[in-house]
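Coordinates in review
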Amino acid sequence: MAKERAFLEVDFVPEHHESVATRTQHFHEFISTLSDSEAQTQASRCMDCGIPFCQHRCPLHNDMPDFNRLVAAGRWEEAYSTLIASNDFPEITGRICPALCQESCCLGLYEPKEVGIKSIERKIIEYAYANGLVQNFKVSSYNGQKVAIVGSGPAALACALTLNRLGFKVSVFEKMDKLGGLLRYGIPDFKLSKEVLDRKIKQMVQEGVSFYPSTLVVSTAQAATTQLEQGIHSDHRQVITLAELKDQYDAVVLATGSETPRDLKLPGRELQGIHFALDFLIAQNKENQGQGLNPINVKGKKVVVIGGGETASDCIGVAIRKGAASVTQLDYHEELPESVNVREVWPHPRHIKHTSTSQEEGCTRLFATNTTSFSAKDGKNVSLVHTVKVKWGPGRKITPLKGTEDKIEADVVLIAMGYAHPSLKAFAESGLQRDERHNFKAATTGKDAYQSSDPKVFVTGDCRRGQSLVVYALAEGRACALSVYQHLQALPQQCSA
Ligand SMILES: Cc1cc2nc3c(=O)[nH]c(=O)nc-3n(C[C@H](O)[C@H](O)[C@H](O)COP(=O)(O)OP(=O)(O)OC[C@H]3O[C@@H](n4cnc5c(N)ncnc54)[C@H](O)[C@@H]3O)c2cc1C
Ligand code: SF4
């Protein structure tokens, strides 16, 4: 048993990362779960603060001081119960959450490193699976009400799991051929193994949730004949309308994500070799699942990735694994400092330069660099990306700096500039109100939480809040389920994410 509150004696030890040289030879996860004793020792660093800022910062409000105390004492079963009381998907967050909590850990104020909460979370759930602690929830009786959920990303999965356990018959409709949303088709296997996702979905099926992949939901039969926007993917073999779902179910939840990619409408955009990031990532995830080769071949090629977020990083990691000759990342943001005085910013986010594990694997990062056009030596296939350095001013105004024009050689360009909103075409005639950013409009608090302008339709996750993080999608999915429950059962309490 590790000594509790051993923060003065125990140093931070990270999870083991396989070396860059070997991990870039495969697509498997390369971060190992902590051993039992490592996790116990690391959990013992928790100061068990009276006011746990980490818990406040986590969108799921996980109870870190309690599960750390229990892990340190070797009380794994209780640690597992504590963790899953707030987080139904710790195997996902323990791998890919950016660990917002850790920036707010009080220990980070005094020690070079905060408590490794995310790694302990991952350890608890993997320990629980390995030791038979994960048991399917048995729904004692169904209440006769049915809910349809559209989409199968983290918001949909969290919503479905919760509603099923509350006694609703839940059917999940997904337009892609496999389930999981961006967990399956966005995030590469080396960050999140699909086996981890399948293990969870299997549990949900066993508990009673019904899944209908390859099923596109649209507002009207007419919309079914419409092509979805460029850059939005669908493997559907059947189409069902929102009106049909509203007829057949007591409530419908839209958890359709933020799929419309931001484009670069610049001279030369039409050239061959310029792709949206997800065209590349989805195809690679499919290739890894044995569903045909990725048609975007980067082997031996000069790859330019435009964008500075997670999607861009994932493109870098995949391109390196696929044998790209070089990877250059263009980020129009200015380079941030390597560190800040933690005492000046804690417990708020630290605006510092982050280096992802994919960037660590070898790419050239160019900051404050804006793309101005693309050109092709042969007039057909992109060969140059034209750029200019920019300066950021007040009001996020960016000014190009004269004389800094440059060009970068490129055989393949991946546009990873984020996602604007859910498809406009799929739900064009639904009449559902959208906000000024074209996301589905709904409050997150009060008696109408997550209810759209149509009282029978609820909206949750990225299709409501805009492009975000898995942990927010999970929190919204769960809170939306409670709101649906409250409406269908006319319960008095309120909920919020
Ligand atoms: C490449 C990439 C990497 C990322 N990496 C991370 C990360 O490391 N950590 C992190 O926290 N976040 C990450 N994110 C963000 C995170 O994945 C999203 O915030 C999260 O998945 C949103 O969940 P969601 O359930 O709202 O939507 P999604 O995961 O987008 O799921 C929406 C689902 O709805 C389906 N759908 C849409 N329309 C219809 C329709 N009309 N009919 C039927 N089905 C439909 C879609 O096919 C999709 O499966 C990443 C995002 C991307 C793009
Ligand atoms: S879900 Fe993310 S923010 Fe919450 S405790 Fe886990 S790692 Fe921290």
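Residues numbered from 1 in each chain as written. Chains lettered and ligands numbered in written order. Predicted model: local features only at pLDDT ≥ 70, side-chain atom pairs only at ≥ 80, totals over all residues.

Put simply, the test is: UniProt positions are given in the numbering used here, feature names are shortened, and annotations may be inferred rather than shown by experiment.
Going by the annotation in an unreviewed UniProt entry, the name recorded for the protein is Glutamate synthase subunit beta, with Candidatus Anaerobiospirillum pullistercoris given as the source organism. Per UniProt, the protein has the following entry under Pathway (unreviewed entry): "Amino-acid biosynthesis."

Concerning the pairing of strand β9 (residues 326-330)
So the rule is basically this: Partly exposed residues are those whose C-beta has more than 12 but fewer than 20 other C-beta atoms within 10 Å; 20 or more makes a residue buried and 12 or fewer makes it exposed, with C-beta atoms placed from the backbone. For helices the rule is a DSSP run of H or I covering at least 4 residues; for strands it is a run of E covering at least 2, with both sets numbered from the N terminus onward. For two strands to pair, DSSP has to find at least two bridges joining them. The handedness of a crossover follows from its direction of travel: if, with the strands pointing away from the viewer, the path from the first strand over the helix to the second runs clockwise, the crossover is right-handed.
A large share of β9 lies buried, amounting to four of its five residues. In terms of strand pairing, strand β8 (residues 302-306) meets β9 through five bridges, oriented parallel. Bridged to Lys 302 within β9 is Ser 326. In this region the chain leaves β8, passes through helix α15 (residues 310-321) and returns to the parallel neighbour β9; the handedness of that crossover is right-handed.

A few points about the domain arrangement of the protein
To be explicit about the condition: For every domain, the bounds stem from an assignment made automatically or drawn from a database. Contact between residues is assigned whenever the C-beta positions, reconstructed from backbone atoms, fall within 7 Å. Each residue is assigned to one class: nonpolar for Ala, Val, Leu, Ile, Met, Phe, Trp, Tyr, Cys and Pro, charged for Asp, Glu, Lys and Arg, and polar for all the others, Gly among them.
Its domain assignment divides the protein into domain 1 (20-130), domain 2 (146-260 + 420-489) and domain 3 (274-415). On the domain 2 side, the residues contacting the 16 residues of domain 1 number 20 residues. It is helix α6 (residues 90-96) that provides the largest number of residues to the side of domain 1 that touches domain 2, a total of five residues. Tallied by class, the residues present in the side of domain 1 that touches domain 2 amount to nine nonpolar, two polar and five charged.

Let's talk about the UniProt feature "domain: Dihydroprymidine dehydrogenase" (unreviewed entry) in the protein
Residues given the UniProt feature "domain: Dihydroprymidine dehydrogenase" (unreviewed entry) here are residues 24-131. Between the C-alpha atoms that bound residues 24-131 the distance is 31 Å, and the span itself is 52% helix and 0% strand.

Thoughts on the site of ligand 1
Spelled out, the test is: Any residue whose backbone-placed C-beta atom lies within 6 Å of a molecule or strand is treated as near that molecule or strand.
Taken together, 38 residues surround ligand 1, and among them Gly 151, Gly 153, Gly 181, Gly 257 and Gly 461 come closest. Residue assignment for the shell around ligand 1 shows that the elements contributing at least two residues are α9 (154-165), β4 (215-218), α15 and α19 (470-489). Split into classes, the residues belonging to the shell around ligand 1 amount to 20 nonpolar, eleven polar and seven charged.

Points about the site of ligand 2
In the vicinity of ligand 2, 14 residues are found, and the nearest of them are Cys 58, Thr 93, Cys 97, Cys 101 and Lys 118. Put simply, the parts of the chain that give the shell around ligand 2 at least two residues each are α7 (100-103) and α8 (117-130). Ranked by the residues each element gives to the shell around ligand 2, the list is headed by α8, at three residues. Of the residues that constitute the shell around ligand 2, the class distribution is nine nonpolar, three polar and two charged.

Comments concerning the sheet that holds strand β7 (residues 274-276)
Stated formally: Working convention: axes come from line fits to C-alpha atoms, limited for helices to the stretch in contact. Angles between N-to-C directions cover 0 to 180 degrees.
Strands sit in the order β7-β15-β8-β9-β10 across an open sheet of five strands; the sheet is parallel. Edge strands, defined here as strands with exactly one partner in the open sheet, are β7 and β10 (364-366). On average, each strand axis in the sheet is inclined to that of its neighbour by 20°, with strand direction left out of account. In this sheet, strand β15 (residues 412-415) lies alongside β8 in parallel orientation, the contact comprising four bridges. If you follow Val 304 over to β15, its bridge partner there is Val 413. Docked against the sheet, helix α14 (residues 277-288) engages β7 and β15, running at close to 75° with respect to β7. On top of the sheet, α15 reaches β8, β9 and β15; it is set at about 170° to β9, its chief contact.

Points about the sheet that holds strand β6 (residues 251-254)
The strands making up a sheet associate through hydrogen bonds between their backbones, and the pairing can be parallel or antiparallel. With respect to topology, five strands assemble into an open sheet ordered β3-β2-β1-β6-β16, the strand pairing being parallel. The strands lining the two open edges of the sheet, one partner per strand, are β3 (210-212) and β16 (457-459). Between one strand axis and the next, the sheet turns through 20° on average, direction left out of account. Inspection of the sheet shows strand β1 (residues 146-150) paired to β6 by four bridges, in the parallel sense. Within β6, the position partnered with Val 150 by the bridge is Leu 254. Taken strand by strand, α9 contacts β1, β2 (169-173) and β6, and its axis lies near 165° from that of β2.

Describing the packing of helix α4 (residues 64-72) against α8
Basically, it comes down to this: Geometric relationships in this document are graded by angle, where less than 35 degrees denotes roughly parallel, more than 145 denotes roughly antiparallel, 65 to 115 denotes roughly perpendicular, and other angles denote oblique. Rotating anticlockwise by less than a right angle from the far helix to the near helix defines a left-handed crossing, while the corresponding clockwise rotation defines a right-handed one.
Orientation of α4 relative to α8, taken along the N-to-C sense of each, is 60°, at an axis distance of 11 Å. With respect to each other, α4 and α8 are oriented oblique. For the crossing formed where α4 meets α8, the hand is left-handed. Mapping the contact onto sequence places Met 64, Phe 67, Asn 68 and Val 71 in α4 and Ile 117, Ile 120 and Ile 124 in α8. Among the residues forming the contact of α4 with α8, the class breakdown is six nonpolar, one polar and no charged.

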